[in-house]
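Descriptive structure summary
Letter by letter, the chains look like this.
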Amino acid sequence: MAVQTQLYAVPEIEKKESKEQNELENEKIFETKSLNLWYGETQALKNIELEIPEKSITAIIGPSGCGKSTFIKTLNRMVELIPSVQTKGDIHYKGSNILSNDYSAEALRTDVGMVFQKPNPFPKSIYDNVAYGPRIHGIKKKRILDEIVEKSLRDAFIWDEVKERLKDNAFGLSGGQQQRLCIARCLAIEPEVILMDEPTSALDPISTTKVEELIQSLKKQYSIVIVTHNMQQAARISDQTAFFLNGEVVEFGKTEELFTEPEDSRTMDYINGRFG
Amino acid sequence: MQYIDRLQVRKRINFRLRLNSILKYVFLGATLSGLVVLAILLIRTVSQGFAWIDWNFITGHLSMDPEKAGIMGAILGTFWLMLVVIFFTLILGMGAAIYLELYAKKGRVHSLIQTNIANLAGVPSIVYGILGLTVFVRLMDFGSTVLAGGLTLSLLILPIVIVSSQEALRAVPQTLGEASYGLGASKWQTIRNIDLPTALPSILTGSILALSRAIGETAPLVVLGIPALLIPFPGGFMDRFTALPMQIYYWTLDAALVEEYANLAAASIIILLLMLFILNSIAIYIRNKFQHRF
C-alpha cells in the first residue's frame, strides 16, 4: 500500500513507467461477465462487461435512466430489494460469484458498503448512527465501539465538528455533515469497497468540495465506485471512468483519456454536453 | 393576446372570497354538531350518575339494593379482559402486520388476504360473539371466562390492529431500511432496529384506539353469556366475570323495574369513561416518550 501512496506523487517523467506497474498492482476487485438485468419486462442493463480495479476511484457517468445507479446497486445486491428485478450473468468479487445463490447478500454488504444519493442518517444519535453497523455485527463492548466511532468520524473528516455532541440526534446536522456522517457510518463496518450513488447531488458546492476531498483521501484504503451526474466531478476525482448509455457500457478507460480523447463519438457528444 | 381578463378576475374575487368564508362556517357547523351531541350526552350522564359515585360504589359487591350496589367486580372483570386483549392483539397483530408488510411476497394471495382482513374489520361485533361462543366457550370448553371473553374481543379488534400497524410500518421511509441493509443487516435486524422503533408510536396509537373499542363492546359479551349477577370477584384468566359494559347494559334494562338502576348505569358509564381516559393517557405518554428518543 505504501508503494501506491508514493506512486501518486511521482514526477511526470516516471509516470509512464509506473502506470504499467500500476495496472499490474491494482488487481481487479470486481469483474462482471455478461451481466443483464430486467425490471419486470424492461431491460435496464445489457451485457455489462467491466473490470473494476481495487484501491482506486471508478466513476460511472451517463444520462438519467442509463442504468448507472442500477449497476452499482447490483454490486452489493441492493437491487434485490426491488421485487420485480431479475438478473443474469456473473459478478466476480475477489474471485467468487456474488450472484450465485449461496453467496449471502448480508456478507457481501459487510464488504461492500454504500453511500446513498440523499443523506439518510437513522433517527438516532450521531454515536448510534456510526455504531449501528458494528453493533449489527455483534460488537458490544463500549470501549471498542468508542474507538470505532472516533476513528470512523475522523476518517470521514467530521470528528472535530461533532465530537462535542455525539449524543445529539443526527437530524440536527446540516446536509453536508449528514452525508459525511453516512460515509463514517459506512467506514465503521470496515468495508473493502465503497459504492457511492451520486453522493453530492443533494449538497451545496462547499459541502460537495469537502465530500470530494474526503473521497480522494479514502482511495488509499478503499476501492471506490461512484455514480455521478456531474462530469467535472468525475474528471476531478476518478482514476477511471465508465460511460453508460441505455443500459450498455459505451466506453471504459482511464479518466484522462476518456475525457480528452474518447474513442466513441457518443462519449464525445455526451462529455461535450450535446445530450443528457 | 391575453387569455386572462384582469377585469373579470377582479369582479369574481369578491365572490370567491365570500364563498370561502361561508364554507368555513359550514365546516365549523359540522364540527360543532358532533361536539354538541357529545356534550349533551356527557352532561346528562354526569348529572345523573355523579352523585351515586362513592367509595362503596367503586369497591363494593353487586347488590339488588341500589344504595348498596358496587361495581368492583365489573371493574376487575374489565381489567382482566384488557390484559388478555392487549397480550393477544399486540403479539398477533404486530406479528401479522410485520409479516404482511415486510416479509410476504406481494402478489395475488397477498392482496386476497389483505382484502379479507379489511372486510373482517367491518363484520358486526355480534358475529364475533357467536364465533367466540362456538369456539372458545363450547369447543375449547373455556366456559364464560375472562380468557374466552378476552380472546373473542381480541379477534374482534385484530383486523383493525393489523391494518393500522401495517400503515405505520409503511410510513417508515424506505431510505432508512436501505441504509440498514447496506451495512449488512439482516431483515430482522433492520425491522428490530429501524422499522419497529420508528413505527412504534403510530402502532401504539392505533392499538390503543382499537383497545378502547374492545373495552366498550357489549354485544359479543351478551352472546358469550357473561352475567351481571352476584358472582365473586375474578382473580385470574379462568374465572367467570362480568364487565363494565355488561353492568351498564343490565342496569339500563332493569331500570324499568327499579328506577335508581338508571342512575347506577350512568355512574358506571362515568367509571368506564375514566378507565378509557387513563388508558389513552398512558398511550399518549408512551408515544411521547418514544418520539423524544428518536
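The shown structure was predicted, so the numbers you read here are calculated from the model rather than taken from an experiment.

**Some details on a nonpolar patch on the surface**
Residue and element names in this part refer to chain B.
- A surface patch of nonpolar side chains, about 1,000 Å² in accessible area, is lined by Y25, L28, L32, L35, V36, L38, I40, L42, V46, F50 and L273.
- The biggest single contributor to the nonpolar patch is helix α1 (residues 6–49), with nine residues.
- According to the relative accessible area criterion, L28 is partly exposed, its value standing at 42%.

**Focus: the packing of helix α5 (residues 126–136) of chain A against helix α6 (residues 142–155) of chain A**
All names here are of chain A.
- Put simply, α5 and α6 touch, their axes get as near as 9 Å, and they point 115° apart. For the element pair α5 and α6, the recorded crossing hand is right-handed. Across from Y127, V130, A131, P134 and R135 in α5, the residues of α6 making contact are K142, L145, D146, I148, V149, S152 and L153.
- Of the residues assigned to the contact of α5 with α6, the class counts are eight nonpolar, one polar and three charged.

**Things to note about the side chain of B:T190**
- Note that B:T190 resides in helix α8 (residues 187–216).
- Leave out the neighbours within four places in its chain, and B:T190 touches A:Y132, B:G177, B:S180, B:Y181, B:A185 and B:D195.

**Quick notes on the packing of aromatic side chains**
- Evaluated as defined, the whole model comprises ten aromatic pairs over all chains.
- Between A:F122 and A:Y132, the aromatic rings sit 4.4 Å apart at their centres with planes inclined by 45°, giving tilted as the arrangement. One end of the pair, A:F122, is in the loop between β6 (112–115) and α5; the other, A:Y132, is in helix α5, and ten residues separate them in sequence.
- Taken together, the ring pairs in this structure connect B:F57, B:W251 and B:Y261 into an aromatic cluster.
- The side chain of A:K167 reaches across the aromatic face of A:Y127, ending 4.3 Å from its centre.
- Looking at A:R185, its charged tip hangs above the ring of A:F122, at a distance of 4.4 Å from the centre.

**A look at the UniProt feature "transmembrane region" (unreviewed entry) in chain B**
All names here are of chain B.
- Here, UniProt's "transmembrane region" (unreviewed entry) annotation points to residues 21–43, 71–104, 116–136, 142–163, 221–241 and 261–286.
- Helix makes up 100% of residues 21–43 and strand 0%, whereas the separation of the span's terminal C-alpha atoms amounts to 32 Å.
- Between the first and last C-alpha atoms of residues 71–104 the distance is 46 Å; the span itself is 94% helix and 0% strand.

**A closer look at the pattern of salt bridges**
Residues and elements named next belong to chain A.
- Under the defined criterion, the tally for this structure stands at 16 salt bridges over all chains.
- Across the pair E31 and K28 runs a salt bridge, and its minimum N-O distance is 3.7 Å.
- Exposure remark for K28: the relative accessible area of 44% places this residue in the partly exposed category.
- Notably, a salt bridge pairs D128 with R135, separated by 2.9 Å at the nearest N-O pair.
- The exposure class assigned to D128 is partly exposed, which follows from its relative accessible area of 26%.

**Some points on the sheet that holds strand β9 (residues 240–245) of chain A**
Residue and element names in this part refer to chain A.
- One open sheet accounts for six strands, arranged β6-β7-β8-β3-β9-β10; its pairing is mixed. The sheet terminates laterally at β6 and β10 (248–254), the two strands that pair on one side only. Between one strand axis and the next, the sheet turns through 15° on average, direction left out of account.
- Bridge analysis of β9 against β10 gives six bridges, and the strand direction is antiparallel. Residue A242 lies in a different strand from β10, and its bridge partner there is F252.
- Contacts between helix α3 (residues 68–75) and the sheet are confined to β3 (57–61), β6, β7 (193–197), β8 (223–227) and β9, with β7 contributing the most and set at about 155° to the helix.
- The strands that helix α8 (residues 175–187) touches are β6 and β7; relative to β6, the one it contacts most, it runs at about 170°.

**Let's talk about the pairing of β3(A)**
Residue and element names in this part refer to chain A.
- Of all five residues in β3, five are buried; the element is thus mostly enclosed.
- Residues I57, A59 and I61 point to one face of β3 and T58 and I60 to the other, with burial holding for every one of them.
- Summarising the sheet, β3 and β8 pair through four bridges and their orientation is parallel. Across the sheet, residue T58 finds its bridge partner in β8, namely V225.

**Considerations on the side chain of A:N129**
- The topology assignment puts A:N129 in helix α5.
- With sequence-adjacent residues up to four places away left out, A:N129 is seen in contact with A:P121, A:F122, A:K124, A:A170, A:L181 and A:R185.

**Quick look at the domain arrangement of chain B**
All names here are of chain B.
- In terms of domain boundaries, chain B breaks down into domain 1 (6–52) and domain 2 (72–293).
- The C-alpha-based centres of domain 1 and domain 2 are spaced at 33 Å.
- Taken together, the contact between domain 1 and domain 2 spans seven residues of the former and nine residues of the latter.
- Interface of domain 1 and domain 2: buried area, both sides summed, is about 660 Å²; carbon and sulfur atoms make up 80% of it.
- Per-residue buried area on domain 1 facing domain 2 is highest for T45, Q48 and W52; these three make up 71% of the total on that side.
- Run the count over domain 1 and domain 2 and you get zero salt bridges.
- Summed over the shared surface of domain 1 and domain 2, the number is one residue pair in polar contact (both at pLDDT 80 or more).

Calculation notes
- Residues numbered from 1 in each chain as written.
- Chains lettered and ligands numbered in written order.
- Predicted model: local features only at pLDDT ≥ 70, side-chain atom pairs only at ≥ 80, totals over all residues.
- Heavy atoms only, no water.
- Patch = residues over 30% accessible without salt bridge, like charges linked within 9 Å, V, L, I, M, F, W, Y side chains within 5 Å.
- Areas by Shrake-Rupley, 256 points an atom, 1.4 Å probe, with all protein chains shown as cover.
- Salt bridge = Lys/Arg side-chain N within 4 Å of Asp/Glu carboxyl O.
- Helix = DSSP H or I, 4+ residues; strand = E, 2+ residues; numbered from the N terminus.
- Buried < 20%, exposed > 50% of the residue type's maximum accessible area, 1.4 Å probe, protein only.
- Axes fitted to C-alpha atoms, helices over the stretch in contact; angles between N-to-C directions.
- Left-handed = near helix turned anticlockwise from the far one by under 90°.
- Contact = heavy atoms within 4.5 Å.
- Nonpolar A, V, L, I, M, F, W, Y, C, P; charged D, E, K, R; others polar.
- Phe/Tyr/Trp six-rings, centres within 6.5 Å; stacked < 30°, edge-to-face > 60°.
- Lys NZ or Arg CZ within 6 Å of the ring centre and 35° of its normal.
- UniProt positions renumbered as here; feature names shortened; annotations may be inferred.
- Pairing = 2+ DSSP bridges.
- Domains from an automatic or database assignment.
- Buried area = accessible area lost by both parts, 1.4 Å probe.
- Polar contact = N/O pair within 3.5 Å; in protein donor to acceptor, adjacent residues only side chain to side chain.

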